[in-house]
Amino acid sequence: MNTVFIKAATSLENSSIQKWKENGGKIVGYTCSFMPVELLSAADILPIRLRGINAHSMEISDSYYGPFVCSFPKAVIQLAGTGKYNFLDGVIISNGCDTLRRMNDCWRKMGEDIKGSLPSWLYYFDVPHKPDGHAFDWYVNQVKKLIATIEKQFDVRITEEKLNKAIKAQNDVRKMIWEIEKLRSETPLRITGTEAYSAIIAGTIMPVDEYKKHLNEFIIKIRKRKKDLAIDKKKIFLGGSICDDFELVSLIEKSNAVVVGENICFGIRNEKDMVCETEDPIKALATKYLSASVCPRMMGWYKERAAMIIERVRKINADGVIIQNIRFCDLHGSENGLLERDFEKNSIPSLRIEREYGPLTETGRLKMRVDAFIEQLKSTNK
Amino acid sequence: MRPELKEYNLDWLFASTFSVAKNLGNSSPGEMEYVFNYIPYVRPLLKPLLETGKPALTFLDLFGDYYTNIVNAKENGKKVVMTTFCFDPCIFYAVDNLLPVTLEIGTALTSLAWKRGTTDFMDYCTEIGFSETGCSSQRGAMGAYLAGLGAQIDLVALNMGGVCDTNANAYNFAAQYLDVPYYGLDYPSELTSDEAREYHHQDYRKLVHFIEEHTNCKFDIDQLREVLEEKRKQDDLMNEIEDMQRLVPNPVPGIYHIMIYAARYIYSGQKKFTKMLEEMVEIVAKNAKNGLSGLRNGVEKNRTFLVYIDNYSYGIALYEWFEKKGISHIGNILSRTFAETAPYTTGIPGTAYRIDTTNFDTMIDTLADINARMPMTRTIRGSYDAPNMWLDDTLSLAKIYGADCCIYLGTPGCRNTWSNIKLLARDLEALGYPTFIAYGDSFDSRVETWDTSEMRFEEFYNIRGLL
Amino acid sequence: MSIVAGFDVGSLSTKSVIIKNNKLVGSAIIKSGPKPVESANKVLQKLLDETGIAQTDIKSAVGTGYGREKIAFIEYAISEISCHAKGAQWFIPSARTIIDIGGQDCKVIKLDNEGNIKKFITNDKCASGTGRFLDVMAKVMNIDVSELGKLSQKSTKPISFASICTVWAQADVIKHINSRRPAEDICAGINVAMANRVAMLTNAIKVENDICMTGGVAKNQGVVKALSSILGCRIKKVKKADPQLIGAIGAALFAQEKL
């Protein structure tokens, strides 16, 4: 178990962030996988994906957000309200979904009430719900606007050279994550889902050079292992709503299972999931980031997403799929309904569960369902 | 789903009910009461409706036509496109072999006129995998269509991307479930910038191609012009009513709001809607001339602005309660068009639309602009406190129409508004408008029965001394 | 001679059974305390006292329910879903759909022709559709939850009321009580509201005959009848044992198999 990754994945203010700040570096948070992190790295700003982990109550959040909404952005607001995000020099909010985009409104209002809880720079990054044509052009334009704003706000110049450098560094990371994904599809299986997932999440809150170094060491260590960790265990593929808490993966793995892959908005889908390094960097970033393959917010692309997920499930020989959604997430909630139907058509056993985001408060309930699913897989001798 | 629900298609029920109901115009009051005995659940909708006189008969007539056409679509060689209420259907009526069916209207009507509302159909959606927490406005009628209890759907086209995830997602789900082509217009958070306008225009052109592709029909430019000119007439008539609504007492009967916006969403650009508006203008003008209130008992005690939608359970119970209490309903988010000729548009460039029927291009641009200013599509696309967004619009409209207080009514599925209603309500209160947040579901009385909702409204109005 | 035990530690009640040579020889049900281990110990003691069997005689024990893993004297922990499926089939071998409504959740289990679990679905929202809903409503009506079924038999006009949120449904029930609506109509309304929530879950999985119900709520005839009517299918009753014990029985059967 790699403690560096576990530590990074389980706490907001990890040592990398502290060190960065001590060296006078700027940190900007972002909400969603549709925001090209390379733009910030190219400005020598540390991009960190906003997390909601360790939010133990929602009373601050409840003053701004109403009921009937996803608990993930609520958790982020709660943390911000208690000062946990005071180290941020800025935040970029994109419209991953309605509830997430309203974080813009709620955070600013909270900033009026709780001094210091609102970062000095808050920017709204408007992502289209389609990946092509005029939507693609709109997105390219949004990227250009964001670059101009970052330059002005932080008094930096994001040159094409710097952008290319940032793209290369992030692609190196993507290649290493792909190595990890390949390890997860091998027999003997030498890496657990918990290890892999915590490694992937850690990358969203660590400076890229430091991350690359740790990833490299991690991969070398895994490759030296001999033991097959999948013996007597069922292989599970996990999909659905955002999950930046690897405890969910751990919970599944405690039920005699091993998680061999995810379709959650972290990590990469396949080896082609890179930014092209030979094209104009802005267009290349737009092509990779504005993709319909990840998220149900890209409406009208379900068939392509389902096909990709089914292909991945088959390639890694998963015994079953667990698809989860955070309560009130209509996007994943409904897409999971369609996926369940299509998994059945393709003879892939699946379990659909709904959960609350937060310190896994429903472990008993979730564990029972996962246990039952694994028992079901075992009894049908898959 | 209970077997008895599979006896009749939902749209057939509407077609037959409304087509027959319009004949009640020839009945004496005694005859009407006799008929009402046999339709105890439609009565709460029909009785107050018929009291409006001619506009009611035209309303029933146009709804009867609308649903009859949908029921007979296939037989008549027409395709049916499933769409949303905040999508102006003019474009569909400019194509010979296409008819729109709007889900939310179907859900509202079923909630208003049926004993159990649309709960069975809503539950059916959940049974087939749709998220139970999705907005109930789509889930009602959607359940019927997905269960095959309605006209066959040939394509899905709408405009809620970027504005309302749960809405766009519902239609997307329906399209996938039925395996039919889908096109969704997409909206950025900006409204008035040139870039946004350009984006709307390009997006809409792709919609036009989509329609042509899937109906094998080229747009008839003359037909489109005719439809848009009819819409212009309708805008002018609605503007007249809106203008007169500023008077104290308000001469517009509260029920006109739901009649106007319901008919507008399904029959924009069609002549019978124009006829209904003309009949309404005549009545409102008469009230205005005589200084009369639109309320039945004639005494206006309060003017309430609904910042979001109305309640559609138990036969327009909300309107009836307003009548009982002497509360003048001065509209909600669904009531406005934002035509540049409207009394509430400010002349700030980009906020309103202009109808330009010069050529095909200008007409498509017009339609794109109209759609970008439909309810929700305009008001809740960006930050609530951004210019021309929810707070701005609410304050302007509340001021223009002399609101004494504001009410928020919606559905638990509305992720968008529930994520910022507390902020809006806080600002409205600070600016002098007592604001009430209702926690019920406008389409599903299983969440909060009307009795309980009414109790809570009473409490609000009493405690805040609003009556 | 094999003597095995099964334990089902639930949120509202803890159940335990002893099976000897494939025959049910003893059972005990107690109200769950806050600590599952203590509840398990308590119910075990009660069972041993009643049957006169010594703990050392028990060759194997399996636990299920939320507290299952914490119980020291069991050998295996198996999910309630598997246990309910096993238990139900012991009484009704033809069962292909099992509806289990417990104190805290509601599950519908579908079996294939070999009795293996093909699919299951659970209530993931909240209290409505679970035993908790009935408990809360019974409390408001100031009756024991076991009377909800009996009282509702007399009703001819069930009242319909808010059913999506237990808390808001309470407000409605209180209102009807204050309006002096007949108790049987209110009870019937409560049962129908419950049945509707369960039906939605059940319909999502497409029931197959034979259908049976397990869990405490299966004892409420009002809910069973209403559900049967909504689904348009006959629901078979487990006659030879308290339906609340099915989970524990299934656990004991698993223990027997492991021997």
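Residues numbered from 1 in each chain as written. Chains lettered and ligands numbered in written order. Predicted model: local features only at pLDDT ≥ 70, side-chain atom pairs only at ≥ 80, totals over all residues.

Draft legend 1. Quick look at the overall build of chain C. Secondary structure summary: chain C contains 8 helices and 10 strands in total. For a compact globule of 259 residues, the expected C-alpha radius of gyration is about 18 Å, and chain C comes in at 18 Å, within 12% of that figure. Its C-alpha atoms put chain C at 60 × 40 × 30 Å along the principal axes. (Helix = DSSP H or I, 4+ residues; strand = E, 2+ residues; numbered from the N terminus. Rg over C-alpha atoms; globule rule 2.2 N^0.38 Å.)

Draft legend 2. View of the interface of chain C and chain B. Contacts between the two partners involve 14 residues from chain C, matched on the other side by 11 residues from chain B. Those elements that provide at least two residues to the side of chain C that touches chain B are helix H5 (166-178) and helix H6 (183-205) of chain C. Element by element, the count of residues in the side of chain C that touches chain B is highest for H5 of chain C, at 4 residues. Its residues assigned to classes, the side of chain C that touches chain B shows 9 nonpolar, 3 polar and 2 charged. (Contact = placed C-beta atoms within 7 Å. Nonpolar A, V, L, I, M, F, W, Y, C, P; charged D, E, K, R; others polar.)

Draft legend 3. Molecular detail of the sheet that holds strand S7 (residues 405-408) of chain B. All names here are of chain B. The sheet built from 4 strands is open, its strands ordered S6-S5-S7-S8 with parallel pairing. Each edge of the open sheet is held by one strand with a lone partner, namely strand S6 (327-329) and strand S8 (435-437). Adjacent strand axes in the sheet meet at a mean angle of 30°, parallel and antiparallel pairs treated alike. Sheet analysis places strand S5 (residues 302-306) next to S7, joined by 3 bridges and oriented parallel. When the sheet's bridge partners are listed, Phe-305 is paired in S7 with Cys-406. (Pairing = 2+ DSSP bridges. Axes fitted to C-alpha atoms, helices over the stretch in contact; angles between N-to-C directions.)

Draft legend 4. Representation of the interface of chain B and chain A in the model. Across the boundary between the two partners, chain B contributes 37 residues, which contact 39 residues of chain A. Those elements that place two or more of their residues in the side of chain B that touches chain A are helix H9 (165-178), strand S4 (182-186), helix H10 (194-215), helix H17 (415-418) and helix H18 (421-430) of chain B. In terms of residue count, H9 of chain B provides more of the side of chain B that touches chain A than any other element does, 7 residues in total. A per-class count over the side of chain B that touches chain A returns 12 nonpolar, 17 polar and 8 charged.

Draft legend 5. Highlighting the nonpolar core. In terms of nonpolar packing, the biggest core is built from 360 residues, with Ile-77, Ile-236 and Ile-322 of chain A, Val-156, Ala-174 and Ala-263 of chain B together with Ala-252 of chain C touching the most fellow members. Counting residues per element, this core draws most heavily on H6 of chain C, which supplies 13 residues. Each of domain 1 (1-92 + 240-259) and domain 2 (95-237) of chain C accounts for three or more of the residues forming this core. Leaving out residues up to four positions away in the same chain, Ala-263 of chain B has contacts with Phe-59, Leu-62, Phe-273 and Met-276 of chain B. (Core = buried A, V, L, I, M, F, W, Y, C linked by C-beta atoms within 7 Å. Buried ≥ 20, exposed ≤ 12 C-beta atoms within 10 Å, placed from the backbone. Domains from an automatic or database assignment.)

Draft legend 6. How the structure looks around the packing of helix H13 (residues 302-315) of chain A against helix H14 (residues 330-345) of chain A. Residue and element names in this part refer to chain A. Remark: H13 packs on H14, axes separated minimally by 11 Å, with the N-to-C direction vectors making an angle of 55°. Between H13 and H14, the angle is such that the two are oblique. Where H13 crosses over H14, the two elements pack in a sense that is right-handed. Contacts between H13 and H14 pair Tyr-302, Ala-306 and Ile-309 from the former with Glu-335, Leu-338, Leu-339 and Asp-342 from the latter. For the contact of H13 with H14, the class distribution of residues is 5 nonpolar, no polar and 2 charged. (Parallel < 35°, antiparallel > 145°, perpendicular 65-115°, else oblique. Left-handed = near helix turned anticlockwise from the far one by under 90°.)

Draft legend 7. Quick peek at the pairing of strand S1 (residues 26-30) of chain A. All names here are of chain A. In terms of burial, S1 is largely enclosed, as 4 of its 5 residues are buried. When S1 meets strand S2 (residues 45-49), the two strands line up parallel, connected through 5 bridges. Paired with Gly-29 across the strands is Ile-48, a residue of S2.

Draft legend 8. Main features of the domain arrangement of chain C. Residue and element names in this part refer to chain C. Taken domain by domain, chain C holds domain 1 (1-92 + 240-259) and domain 2 (95-237). Just the C-alpha atoms count here: the centres of domain 1 and domain 2 sit 25 Å apart. At the interface, 15 residues of domain 1 touch 22 residues of domain 2. No other element matches the 7 residues that helix H2 (residues 80-91) contributes to the side of domain 1 that touches domain 2. When the residues that make up the side of domain 1 that touches domain 2 are grouped by side-chain class, the tally is 7 nonpolar, 8 polar and no charged.

Draft legend 9. Spatial organisation of the environment of Arg-108 of chain A. Position of Arg-108 of chain A relative to the elements: it lies in helix H6 (residues 103-113). Dropping the residues within four chain positions of it, Arg-108 of chain A is found in contact with Leu-118 and Leu-122 of chain A.

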